[in-house]
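# Coordinate analysis (summary)
If you want the building blocks of each chain, they are given just below.
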Amino acid sequence: MFASLDPLLHSELRLAVMSILISVEEADFVYLREKTGATAGNLSVQIDKLNEAGYIDVERGFAGKRTRTVCRITQKGMHAFQLYVEALQSYLNPPKEE
């Protein structure tokens, strides 16, 4: 009756990161931290989990002397997000019994 919810996306912070990335071409770590209100350590762990799953690509480099981490959603991540939203809708609009 109800579709399964992707446990990776069902985490509040990971879902927030994916929601931000789905609407922008890319976002750096500082932007994601500011928008989510997460601590740097927690955000870093959650970004690594999304990266390991193939939902986002993470590029680490330097901007001048400062480190810069940039995240982009992948096709796999977009598809997983779409399936998650569809599954969530099945909970919001359950089929009516006849």
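Nothing here was measured: the structure is a model prediction, and the numbers come from that model.

Rules of the game
- Residues numbered from 1 in each chain as written.
- Predicted model: local features only at pLDDT ≥ 70, side-chain atom pairs only at ≥ 80, totals over all residues.
- Heavy atoms only, no water.
- Helix = DSSP H or I, 4+ residues; strand = E, 2+ residues; numbered from the N terminus.
- Contact = heavy atoms within 4.5 Å.
- Areas by Shrake-Rupley, 256 points an atom, 1.4 Å probe, with all protein chains shown as cover.
- Lys, Arg positive; Asp, Glu negative; His and termini not counted.
- Charge placed at Lys NZ, Arg CZ, Asp CG, Glu CD.
- Core = buried A, V, L, I, M, F, W, Y, C linked by side-chain atoms within 4.5 Å.
- Buried < 20%, exposed > 50% of the residue type's maximum accessible area, 1.4 Å probe, protein only.
- Salt bridge = Lys/Arg side-chain N within 4 Å of Asp/Glu carboxyl O.
- Pairing = 2+ DSSP bridges.
- Axes fitted to C-alpha atoms, helices over the stretch in contact; angles between N-to-C directions.
- Parallel < 35°, antiparallel > 145°, perpendicular 65-115°, else oblique.
- Nonpolar A, V, L, I, M, F, W, Y, C, P; charged D, E, K, R; others polar.

## As for the overall build of the protein chain
- A tally of regular secondary structure across the protein chain gives four helices and three strands.
- Going from the N terminus to the C terminus, the protein chain shows its helices and strands as α-β-α-α-β-β-α.
- Across its three principal axes, the protein chain shows a C-alpha extent of roughly 65 × 25 × 20 Å.
- Relative to all contacts within the protein chain whose residues are 6 or more apart in sequence, the contacts with residues 24 or more apart total 54%.
- For the protein chain, the computed accessible surface area is about 6600 Å², with 51% contributed by carbon and sulfur atoms.
- Each charge class in the protein chain was averaged separately, 11 positive and 13 negative side chains, and the resulting centres sit 9 Å apart.

## Overview of the nonpolar core
- Counting 22 residues, the largest nonpolar core has M18, L21, L32, L43, I47, L50 and I56 as the members making the most contacts within it.
- Only helix 1 (12–22), helix 2 (29–36), helix 3 (40–52), strand 2 (56–63), strand 3 (66–73) and helix 4 (75–92) provide two or more residues apiece to this core.
- Sort the elements by how many residues they give to this core and helix 1 lands first, with five residues.
- Discounting chain neighbours no more than four positions away, the residues touching L21 are A27, L32, I56, C71, R72 and I73.

## Let's talk about the pattern of salt bridges
- Counting across every chain of the model gives four salt bridges.
- Residue R72 is joined to E26 by a salt bridge in which the shortest nitrogen-to-oxygen separation is 2.7 Å. Here the residue R72 occupies a position in strand 3, and E26 occupies one in the loop between helix 1 and strand 1 (27–28), the gap between them amounting to 46 residues.
- Taking the relative accessible area as the measure of exposure, E26 reaches 33% and is therefore partly exposed.
- Salt-bridge contacts for D28 lead to R68; the nearest nitrogen and oxygen are separated by 3.7 Å.

## A look at the pairing of strand 3
- Alignment of strand 1 against strand 3, held across two bridges, turns out to be antiparallel. Bridge pairing in strand 3 links A27 to C71.
- What sits between the antiparallel neighbours strand 2 and strand 3 is a turn of two residues, in which G64 has the positive phi angle 70°.

## Points about the sheet that holds strand 3
- Pairing is antiparallel in the open sheet, where three strands are placed in the order 1-3-2. This sheet does not close on itself; its edge strands, each paired only once, are strand 1 and strand 2.

## Observations regarding the packing of helix 1 against helix 3
- Direction vectors running N to C along helix 1 and helix 3 enclose 70°, while the axes themselves pass 10 Å from each other. As judged from the angle between their axes, helix 1 and helix 3 are roughly perpendicular. Seen from helix 1, the contacting residues are L13, R14, V17 and M18; seen from helix 3, they are N42, L43, Q46, K49 and L50.
- Classifying every residue of the contact of helix 1 with helix 3 gives five nonpolar, two polar and two charged.

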